[in-house]
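The primary structure of each chain is shown beneath.
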Amino acid sequence: MKVSLSALDTCESSFTPLVVIELAQDVKDETKEWLKNRIIAKKKDGGAQLLFRPLLNKYEKETLENQNLYLVGASNIRLLLGAEAVGLVKECNDNTMRAFTYGTRHNFKGFDDNNDDFLTMAECQFIIKHELENLRARDEKMIPGYPQAKLYPGKSLLRRLLTSGIVIQVFPLHDNEALKKLEDTWYTRFTFKFQPVDYDKYVIFASFNLIWSTVILEVWKRGCANMTYRWGTLAMKRQFEEPRPGFHGVLGINSVTGREEPLYSSYKRQLRIYLVSLPFVCLCLYFSLYVMMIYFDMEAWALALHEDSGSEWTSVLLYVPSIIYAVVIEIMNRLYRYAAEFLTSWENHRLESAYQNHLILKVLVFNFLNCFASLFYIAFVLMDMKLLRQSLATLLITSQILNQIVESLLPYWLQRKHHLRVKKKVQALKADIDATLYEQVVLEKEMGTYLGTFDDYLELFLQFGYVSLFSCVYPLAAAFAVLNNFTEVNSDALKMCRVFKRPFSEPSASIGVWQLAFETMSVISVVTNCALIGMSPQVNALFPESKADLILIVVAVEHALLAVKFILAFAIPDKPRHIQMKLARLEFESLEALKQQQMKLVAENLKDEPREESGKEKAS
């Protein structure tokens, strides 16, 4: 039996809360009522057709704080239809991964009409997030109660509510039972073990980076293919992505999909990129080089002071410029990140993938120059290997310590303080209130927001550069990276469980443009290490008379190593054999199903032709 969205009930008073919406304290009642109606309205009327209720009832609001917290959920059938709409891929009874459809729901492993656990909690929250983000203005000119908050057809309502300060935040709730299991698996037992993200056994061979940097990236791609196939995101169709919530333009019809959505001229976007964003990035790069030269002036001053006095105090002072410069680099990276996000958002990219690619490109270019320019200058201009080792060690260790303090210790300490305050409030509540849910929502709404994997990938990218670019000069960089990653994996697990709100899941088939960034870094590392080895006194002593021969040999070795890297990358398949076979089988079955459908249509057309001819004969 086919179920339509229009038949679903959106007035259930009791449902499992999945997502929380926090409104500002002074939001007007007419705005709340309008938002509620848009969320529960049927899809054909421009709504999300979800379930919606306040966290507290009328009596509880009069006696407690946090009156503007609302819970969002959905019926099981609504979630199943939403899973089909977003293209979720699930495992079938024949062990293949296929896009879920409601009509064929009984063909999927683990599905039962009497159970509501076919979709994971993360998948349900992803569906609700998708529906909320795709709530768009229709005939409204403004948000009711806020004439200054203008709307136009096609504008994302959630985005406008967030930028206007009417909605404070939207976040998914944790699954407390699953969270306890994750805590025990991830960080409670502090041992060397496999973690689900950011770990690979080949990292112990980082000092041999010329081969290791290729092997680890290829092995990661294979592991990524295994995980994404198991999660159902490798075969997920993403050709026609929905416009990102921040995208704005004139409402029109997409010529490819035929859907109504905002349209924006690509010509205007290109003007913004090349006339504003590009000059700004160049200006920031120039400023970064200017700060670098100030650092070298400080190094020269500290060295002159040490040579004059030769005391132990001045020997310690030699490390001060590098430490100060490392701190300044971190500050500049963070400030530039905010500017890059603003510019990329202002460029008004239609798709989230395009937005992420432009943001990553801006950030990577600046971070690469900001973090590594001084090391390249020391290595190939000053040719001071002692200073290179000192600077590399100081930059790497200082950045790791700062990241651990800012990203782990400080957020955890603040969250612990807040947790104690919430516990005291909950203990004073009356017995007739659902204290457990109230405590969970109030506690989680004050947690930090996990902004995605961008910062994690960036941190790993910079660490990968420190380890691979100059490892022949400072092999201990690999040891420091292993030590940092061991503590980082466990501290990140602690943050995900106890410091951050639960993030919405974002289906992805790979790590995207980050893979290209890491591969580019590995190629550059071959060139830098070969050049550094060629500049060493031991190698120069082998060619005391002819430097040209030395250069030719170094270039030949560098080309040979690059050839080995590319051969290895080609020889190691990106996807394991069994994954390739399953994907090929899925594609073959899709083509066969399409052929059968076409043949069925042709047969029906041929069947109708004799009827038309006989009708004409009777008429004549």
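Overview of the structure. Because the structure is predicted, anything quoted here is derived from the model rather than measured.

**Considerations on the overall build of the chain**
Phase 1 of the analysis: Check the secondary structure of the chain and you find 19 helices and 10 strands.
Phase 2 of the analysis: In the chain, buried positions account for 44% of the 620 residues.
Phase 3 of the analysis: Accessible area for the chain stands at about 33,800 Å²; split by element, carbon and sulfur atoms hold 62% of it.

**Here's the deal with the side chain of His130**
Phase 1 of the analysis: Looking at the element boundaries, His130 is found in helix 4 (residues 121-133).
Phase 2 of the analysis: Contact partners of His130, with chain neighbours within four places excluded, come to Val86 and Glu242.

**Remarks on the packing of aromatic side chains**
Phase 1 of the analysis: For the coordinates displayed, the defined rule picks out 19 aromatic pairs.
Phase 2 of the analysis: Ring centres of Phe108 and Phe118 lie 6.4 Å apart, and the angle between their planes is 70°; on these two criteria the pair is classed as edge-to-face. In this pair, Phe108 sits in the loop between strand 5 (97-99) and helix 4 while Phe118 sits in the loop between strand 5 and helix 4, placing the two residues 10 residues apart along the sequence. The pair formed by Phe108 and Phe118 is uniform in burial state, with each residue classed as buried.
Phase 3 of the analysis: Measuring from ring centre to ring centre gives 5.3 Å for Phe376 and Phe470, while their planes differ by 70°; the resulting arrangement is edge-to-face. Pair noted here: Phe376 is in helix 11 (residues 352-382) and Phe470 is in the loop between helix 14 (454-469) and helix 15 (476-499), with a separation of 94 residues, a long-range link.
Phase 4 of the analysis: Of note, Lys90 hangs over the ring of Phe118, and the distance from its end group to the ring centre comes to 5.1 Å.
Phase 5 of the analysis: Over the ring of Trp346 we find Arg272; its NZ or CZ atom is 4.5 Å from the centre of that ring.

**Details of the packing of helix 14 against helix 16 (residues 513-535)**
Packed helix pairs are characterised by how far apart their axes lie and by the angle those axes make with each other.
Phase 1 of the analysis: It is at 9 Å that the axes of helix 14 and helix 16 come closest, and there the two elements cross at 15°. Between helix 14 and helix 16, the angle is such that the two are roughly parallel. Once helix 14 is placed against helix 16, the crossing between them reads as right-handed. Contacts between helix 14 and helix 16 involve Phe454, Tyr457, Leu458, Leu460, Phe461, Phe464, Gly465, Ser468 and Leu469 on the former and, on the latter, Trp514, Ala517, Phe518, Met521, Ser522, Ile524, Ser525, Thr528, Asn529 and Leu532.
Phase 2 of the analysis: Residue composition of the contact of helix 14 with helix 16, by class: 13 nonpolar, six polar and no charged.

**Here we look at the pairing of strand 1 (residues 19-23)**
Phase 1 of the analysis: A large share of strand 1 lies buried, amounting to five of its five residues.
Phase 2 of the analysis: Neither face of strand 1 is open: one carries Val19, Ile21 and Leu23, the other Val20 and Glu22, and all of them are buried.
Phase 3 of the analysis: Where strand 1 lies against strand 3 (residues 69-73), four bridges are found, and the strand directions are antiparallel. Looking at strand 3, one finds that Val20 is bridged to Leu71.
Phase 4 of the analysis: Pairing of strand 1 with strand 8 (residues 167-172), which is carried by five bridges, proceeds in the antiparallel orientation. Residue pairing across strands places Val20 opposite Phe171, the latter belonging to strand 8.

**So, the environment of Asn403**
Phase 1 of the analysis: With respect to the helices, strands and loops of the structure, Asn403 is situated in helix 12 (residues 385-427).
Phase 2 of the analysis: Residues Asn403 and Glu488, 85 residues apart in the sequence, show an inter-C-alpha distance of 9.3 Å.
Phase 3 of the analysis: A polar contact is formed between the side chain of Asn403 and the side chain of Arg334, at a distance of 3.4 Å.

**Here we look at the nonpolar core**
Generally speaking, soluble globular proteins have nonpolar side chains that are buried together.
Phase 1 of the analysis: Grouped together as the largest cluster of nonpolar side chains are 52 residues, with contacts concentrated most on Phe372, Leu375, Leu388, Phe461, Tyr466, Phe470 and Trp514.
Phase 2 of the analysis: When residues of this core are traced back to their parent elements, those giving at least two are helix 7 (209-231), helix 8 (266-309), helix 10 (320-346), helix 11, helix 12, helix 14 and helix 16.
Phase 3 of the analysis: Tallying contributions element by element places helix 11 first for this core, with 12 residues.
Phase 4 of the analysis: The residue makeup of this core includes at least three contributed by each of domain 2 (202-234 + 513-528 + 536-594) and domain 3 (265-349).
Phase 5 of the analysis: With residues near it in sequence (within four places) discarded, Tyr466 still touches Cys371, Phe372, Leu375, Leu392, Leu395, Leu396, Ser399 and Ala477.
Phase 6 of the analysis: Among the nonpolar cores identified, the runner-up in size contains 46 residues, and Ala48, Ala74, Phe111 and Ile127 belong to it.

**Description of the sheet that holds strand 2 (residues 51-54)**
Phase 1 of the analysis: Read from one edge of the open sheet, four strands run 2-3-1-8, paired in antiparallel fashion. Each edge of the sheet is formed by a strand with only one pairing partner; in this case those strands are strand 2 and strand 8. Direction aside, the axes of adjacent strands within the sheet are offset by 20° on average.
Phase 2 of the analysis: Helix 4 rests against strand 1, strand 3 and strand 8 of the sheet, and its axis sits at about 40° to strand 1.

**Structural notes on the pattern of salt bridges**
Phase 1 of the analysis: For the coordinates displayed, the defined rule picks out 20 salt bridges.
Phase 2 of the analysis: As a salt-bridge pair, Arg105 and Asp113 come within 3.5 Å of each other at their nearest N and O atoms.
Phase 3 of the analysis: A salt bridge links Glu347 to Lys362; the nearest nitrogen and oxygen atoms lie 2.9 Å apart. Note that Glu347 is positioned in the loop between helix 10 and helix 11 and Lys362 in helix 11, a separation of 15 residues in sequence.
Phase 4 of the analysis: Overlapping salt bridges, with partners in common, bring together Glu218, Lys221, Glu519 and Asp574 in one network.

**Examining a nonpolar patch on the surface**
Phase 1 of the analysis: A cluster of nonpolar side chains, Tyr267, Leu271, Tyr274, Leu275, Val276, Leu278, Phe342 and Trp346, forms an exposed patch at the surface whose accessible area comes to about 850 Å².
Phase 2 of the analysis: No other element matches helix 8, which puts six residues into the nonpolar patch.
Phase 3 of the analysis: With respect to the helices and strands, the residue Tyr267 is situated in helix 8.

**Some thoughts on the pairing of strand 7 (residues 146-150)**
Phase 1 of the analysis: Relative to strand 7, strand 6 (residues 142-143) is paired through two bridges, and the arrangement is antiparallel. Counted as the bridge partner of Met142 is Lys150 from strand 7.
Phase 2 of the analysis: Hairpin connection from strand 6 to strand 7: two residues lie between these consecutive antiparallel strands, with Gly145 at a positive phi of about 90°.

**Details of the environment of Arg585**
Phase 1 of the analysis: Turning to its location among the elements, Arg585 is positioned in helix 19 (residues 577-619).
Phase 2 of the analysis: Separated by 489 residues in the primary sequence, Arg585 and Thr96 have C-alpha atoms spaced 8.9 Å apart.

**Here we look at unusual backbone geometry**
Phase 1 of the analysis: Notably, Gln49 is not glycine yet its phi reads approximately 60°, a positive angle.
Phase 2 of the analysis: Although it is not a glycine, Asn95 adopts a positive phi angle of roughly 70°.
Phase 3 of the analysis: Relative to the assigned elements, Asn95 resides in the loop between strand 4 (89-91) and strand 5.
Phase 4 of the analysis: Assessed through its relative accessible area of 41%, Asn95 is described here as partly exposed.

Quick notes on the rules
Going along each chain's sequence as written, the residues are numbered from 1 onward. In keeping with the model being predicted, local features are shown solely for residues with a pLDDT of at least 70 and side-chain atom pairs are shown and tallied solely at 80 or more, while totals for entire chains, interfaces and linings include all residues. Side-chain numbers here rest on the full set of heavy atoms in the structure, without hydrogens or water. In this text, helices come from DSSP runs of H or I with a minimum length of four residues, and strands from runs of E with a minimum of two, each type numbered from the N-terminal end. When accessible area is computed with a 1.4 Å probe and restricted to protein chains, residues below 20% of their type maximum are described as buried, those above 50% as exposed, and intermediate ones as partly exposed. With residues, only the protein chains shown are counted as cover, and all accessible areas are computed by Shrake-Rupley using a 1.4 Å probe. By the convention used here, residues are in contact when the closest approach between their heavy atoms is within 4.5 Å. Note on aromatic pairs: the rings of Phe, Tyr and Trp (six-membered ring only in Trp) are paired at centre separations within 6.5 Å, and the planes decide the class, stacked below 30 degrees, edge-to-face beyond 60, tilted for the rest. Whether a charge sits over a ring comes down to the Lys NZ or Arg CZ being within 6 Å of the ring centre and within 35 degrees of the ring normal. Every angle, taken between N-to-C directions, lies between 0 and 180 degrees, and every axis is a line fitted to C-alpha atoms, over only the stretch in contact when it is a helix. Any angle between 65 and 115 degrees counts as roughly perpendicular, while under 35 counts as roughly parallel, over 145 as roughly antiparallel, and the rest as oblique. In a left-handed crossing the near helix is turned counterclockwise from the far helix by less than a right angle, and in a right-handed crossing that turn is clockwise. Residue classes follow a fixed rule: Ala, Val, Leu, Ile, Met, Phe, Trp, Tyr, Cys and Pro count as nonpolar, while Asp, Glu, Lys and Arg count as charged, and any other residue, Gly among them, counts as polar. Here a strand pair is declared whenever DSSP counts at least two bridges between the two strands. Each polar contact in these results corresponds to two N or O atoms within 3.5 Å; when the atoms are within protein, one needs to be able to donate a hydrogen and the other to accept it, and residues that are neighboring in sequence are counted only if both atoms are side-chain atoms. Put simply, a nonpolar core is a bunch of buried Ala, Val, Leu, Ile, Met, Phe, Trp, Tyr and Cys residues held in one set by side-chain atoms that sit within 4.5 Å of each other. The source of the domain bounds is an automatic or database domain assignment. Salt bridges are identified by distance alone: a Lys or Arg side-chain nitrogen within 4 Å of an Asp or Glu carboxyl oxygen. Only residues whose relative accessible area exceeds 30% and that form no salt bridge are eligible for patches; like-charged ones are grouped when within 9 Å, while nonpolar side chains (Val, Leu, Ile, Met, Phe, Trp, Tyr) are grouped when within 5 Å.

Scope: geometric values only; no functional claims are made or implied.
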